[in-house]
Amino acid sequence: MWAIARTELKKTVQDKGLWFWTFVLPIVFIVAFVAILSGEETSYKELVTQIIPGYTIMFAFFIMISMVIVFVKDKERGMVARIASTPLSTHQYFFGKWLPFMIVVLVQITVLFGFGVIVYDLPLGDPLSLILLSLALAFIVTGWGMALAVNVRTENMGIAMTQIIALGGALLGGLWMPVEFMPETVQNISKALPQYWALQGYKDIILSNGGLADIWLNLLILIVAGVAGGILALVSYPRFLRQSRS
Amino acid sequence: MIDVQHVSKHYGPIHALDDISFQIHKGTCFGLVGPNGAGKSTLMKILSGILLNFDGDIGVNDWKVSKDRTKIKQQIGYIPQEICLEETLNARDNLILFGNMYGLKGKNLQVRMDEVLEQIGLTDRKKDKVMTFSGGMKRRLNIGCALLHKPAIVIMDEPTVGIDPQSRNSIFSLIHQLKAEGSTIIYSSHYMEEVEQLCDSIGLIDKGQLMEFGRMEELLDKHGKPSLFIAGDDIGEKMLQEFGEAEAKGNGYLLNSDEPLLTLEKLVTHCREHQLEPRRLELYQPRLEDIFFNLTGTQLRDA
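Values in this document were obtained by computation on a predicted structure and should not be read as measured data.

A word on the overall build of chain A. Tallying secondary structure elements over chain A gives eleven helices and zero strands in all. Traced from its N-terminal end to its C-terminal end, chain A shows the element sequence α-α-α-α-α-α-α-α-α-α-α. By its C-alpha atoms, chain A is 60 × 35 × 30 Å across when sized along the principal axes. Counting across all 246 residues of chain A, residues that qualify as buried make up 48%. Of the contacts formed within chain A by residues at least 6 apart in sequence, a portion of 82% connects residues at least 24 apart.

Rendered as structure tokens:
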């Protein structure tokens, strides 16, 4: 389990593309949108609280692309079957694969929020609530990433699905503009999306000085959705293994 | 001892394996031979613990696959047909990855890595990334990753596909070494010459069924007919009919005879008398490929 996690982390660190998607592009988006939208009627605090957590959540979902690539490659070159021939259990295999991506997303959230604090004086609110919500966000994106990665047949299919989930979720979940500005139907759809609950949680912590009592439902929804992703991945594993070359 | 007991595997209506039973004795090399789609890979996947759902059972010493899968997996080193390596990492990191999966750590792992790197001839390339390796070197590392934990059973699925003769010889030496150390080897290949050269016993599999199984010499004796091979520009089937039953083979003819030495003598005399000059005239040793053809009516490579 730890062997797979270490190896995956090593490969991830070597992947320059991931660094671009995870850190460089989100920072470019944050800088650009803060510059474009500054000076409008919204207060500066509300603006940075919308944009920095919003784009952090959106780009966190893009980790699903990296997960899809790793799992599909493992399947195509027979690594899944090879690992299945070792004493390692299915749970250990998934945990080993999942952990490095969880770490990457947590580092991503830390870097992007840190950038917000240093450059835009982003207030952070209750640290414990912030940490738990960030863990829940990392948990759901990696949980869904595993479910997607195990169920798609090709990398292209996985990339397309990630874009639908990440961009569609960003649009409807209020990451690009507050849901209050959207029609009522869209506002109702938003509530079915993890992006909405993650952003509302961050807003409660940062804007309203909210604590655990205020974000428990957000945490619960994100964790339950993440667990559902993990279970779907585990249930789909036998088919994934059958599709693996050997 | 490995005891395969009535193993069947269905993919929907397709019978990939149909009631297969055989035994492999400890310390021997068992060759699994058959054309593509015969069910070889399915059987290899079952033997290596990758395929979980199948009918029947497999006994390994005192254990059963149905009950003691993890214990059995610890005893197995599976070398798949595909090269399963992390290309962006170096040879050493790949060995660490697989060593850890089998529970090797610390100094023990270090010692085994050094031994395996020596065995596969990659000691001086251990810090190089796998992506810089030749096909043969990757194959050898692929094998090395399965040997770190000193498995009692080594399962090799087409380990010599697409490699140069030098690496092939190196792999053969390794197999002889493993046999000498007492490992049981299950070797799947469609290269009949390799199986003949390496294996003590074989199983011929076709369309999911075990067509024949036993010790190599016994099978060759059982199915091989004594015969002669003759080839030459002025040698024809009609001329050979007076010496026995002739059949075309390659660029010559195979002449079946119950008394091959006597027939050989007669043929030599006949050729001298009629001033015929065969390019080849020799006693023909039946090959595995002939047995397979006799049993299935199919040439292995064309199947």
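A few words now on the pairing of strand β10 (residues 209-215) of chain B. All names here are of chain B. Note that strand β9 (residues 201-206) and β10 share six bridges and pair antiparallel. Among the inter-strand pairings, Gly-203 is bridged to a residue of β10, identified as Phe-213. Where β9 folds back on β10, the antiparallel hairpin that results is connected by two residues, among which Lys-207 adopts a positive phi of roughly 50°.

Once that is clear, we can look at the interface of chain B and chain A. Interface size, as often reported, equals the accessible area lost upon joining of the parts. Each partner contributes to the interface: chain B provides 21 residues, whereas chain A provides 18 residues. For the side of chain B that touches chain A, the elements supplying multiple residues, two or more each, are α1 (40-47), α2 (69-75), β6 (76-79) and α3 (91-101) of chain B. Grouping the constituent residues of the side of chain B that touches chain A by class yields nine nonpolar, eight polar and four charged.

A separate point is the nonpolar core. Nonpolar side chains in soluble globular proteins tend to end up buried together. Of all hydrophobic cores here, the largest spans 84 residues; its most connected members are Phe-30, Leu-141, Leu-148, Ile-155, Ile-185, Ile-186 and Tyr-187 of chain B. Listed in part, the 61 residues of the second largest apolar core include Met-58, Val-72, Ile-109 and Leu-148 of chain A.

Attention now goes to the sheet that holds strand β11 (residues 227-231) of chain B. All names here are of chain B. The sheet built from four strands is open, its strands ordered β12-β13-β11-β14 with antiparallel pairing. Strands at the two margins of the open sheet, each flanked by one partner only, are β12 (245-249) and β14 (280-284). Here the strands of the sheet are splayed against their neighbours by 25° on average, with no regard to which way each runs. Bridge count for β12 against strand β13 (residues 252-256) is five bridges, and the pairing is antiparallel. By the bridge assignment, Lys-249 is partnered in β13 with Gly-252. Here helix α10 (residues 260-273) sits on the sheet in contact with β11, β13 and β14, set at roughly 25° to β11.

Turning to the pairing of strand β2 (residues 14-24) of chain B, a few remarks are in order. Residues and elements named next belong to chain B. Of the strand pairs in this sheet, strand β1 (residues 2-11) and β2 are connected by seven bridges, and their pairing is antiparallel. Note on β2: the bridge partner recorded for Val-4 is Phe-22. Counting the residues in the hairpin turn of β1 and β2 gives two residues, including Gly-12, whose phi is positive at 60°.

We now examine the environment of Leu-167 of chain A. All names here are of chain A. If you trace the backbone, Leu-167 turns up in helix α8 (residues 155-172). C-beta crowding within 10 Å serves as the criterion here: with 15 such atoms nearby, Leu-167 is assigned to the partly exposed category. Remark: the alpha-carbon pair of Leu-167 and Leu-207, spanning 40 residues in sequence, is separated by 25 Å.

All names here are of chain A. The interhelical angle for the contact between helix α4 (residues 63-76) and helix α7 (residues 127-151), taken along N-to-C directions, is 40°, at an axis separation of 8 Å. Regarding α4 and α7, the two cross each other, and that crossing is right-handed. On the side of α4, the interface is formed by Ile-63, Met-64, Met-67, Val-68, Phe-71 and Val-72, while α7 contributes Val-141, Thr-142, Trp-144, Gly-145, Met-146, Leu-148, Ala-149 and Val-150. Residues that form the contact of α4 with α7 fall into these classes: twelve nonpolar, two polar and no charged.

Before going further, it helps to examine the confidence of the model for chain A. Mean pLDDT over chain A: 92, with 99% of residues reaching 70 or higher. Looking across chain A, the model is least confident in helix α1 (residues 2-14) of chain A, with a mean pLDDT of 88, and most confident in α7 of chain A, with 97.

A few words now on the domain arrangement of chain B. Examined at the domain level, chain B breaks down into domain 1 (2-221) and domain 2 (225-285). Computed from C-alpha atoms alone, the centre-to-centre distance between domain 1 of chain B and domain 2 of chain B is 41 Å.

Next up on the list: the sheet that holds strand β4 (residues 55-60) of chain B. All names here are of chain B. Strand order across the open sheet formed by four strands is β2-β1-β4-β5, with antiparallel pairing between neighbours. Across the chains shown, the open sheet's two edge strands, defined by having one partner strand only, are β2 and β5 (63-64). Running at roughly 60° to β2, α1 makes contact with β1, β2 and β4 of the sheet.

Residues and elements named next belong to chain A. Between its first and last C-alpha atoms helix α2 (residues 16-37) spans 30 Å; for 22 residues at 1.5 Å apiece the expected length is 32 Å, and the two agree. Maximum bend of α2: about 30°, positioned at Val-24, with proline Pro-26 one to four residues after it. Along α2, the residues classified as buried are Leu-18, Thr-22, Pro-26 and Ile-30. Where the residues of α2 are buried, they touch α1, α3 (44-61), α4 and α6 (90-120).

Conventions we followed
- Residues numbered from 1 in each chain as written.
- Chains lettered and ligands numbered in written order.
- Predicted model: local features only at pLDDT ≥ 70, side-chain atom pairs only at ≥ 80, totals over all residues.
- Helix = DSSP H or I, 4+ residues; strand = E, 2+ residues; numbered from the N terminus.
- Buried ≥ 20, exposed ≤ 12 C-beta atoms within 10 Å, placed from the backbone.
- Contact = placed C-beta atoms within 7 Å.
- Pairing = 2+ DSSP bridges.
- Nonpolar A, V, L, I, M, F, W, Y, C, P; charged D, E, K, R; others polar.
- Core = buried A, V, L, I, M, F, W, Y, C linked by C-beta atoms within 7 Å.
- Axes fitted to C-alpha atoms, helices over the stretch in contact; angles between N-to-C directions.
- Left-handed = near helix turned anticlockwise from the far one by under 90°.
- pLDDT = per-residue confidence, 0-100.
- Domains from an automatic or database assignment.
- Expected span 1.5 Å × (residues − 1).
- Bend = angle between axes of the 7 residues up to and from the residue.

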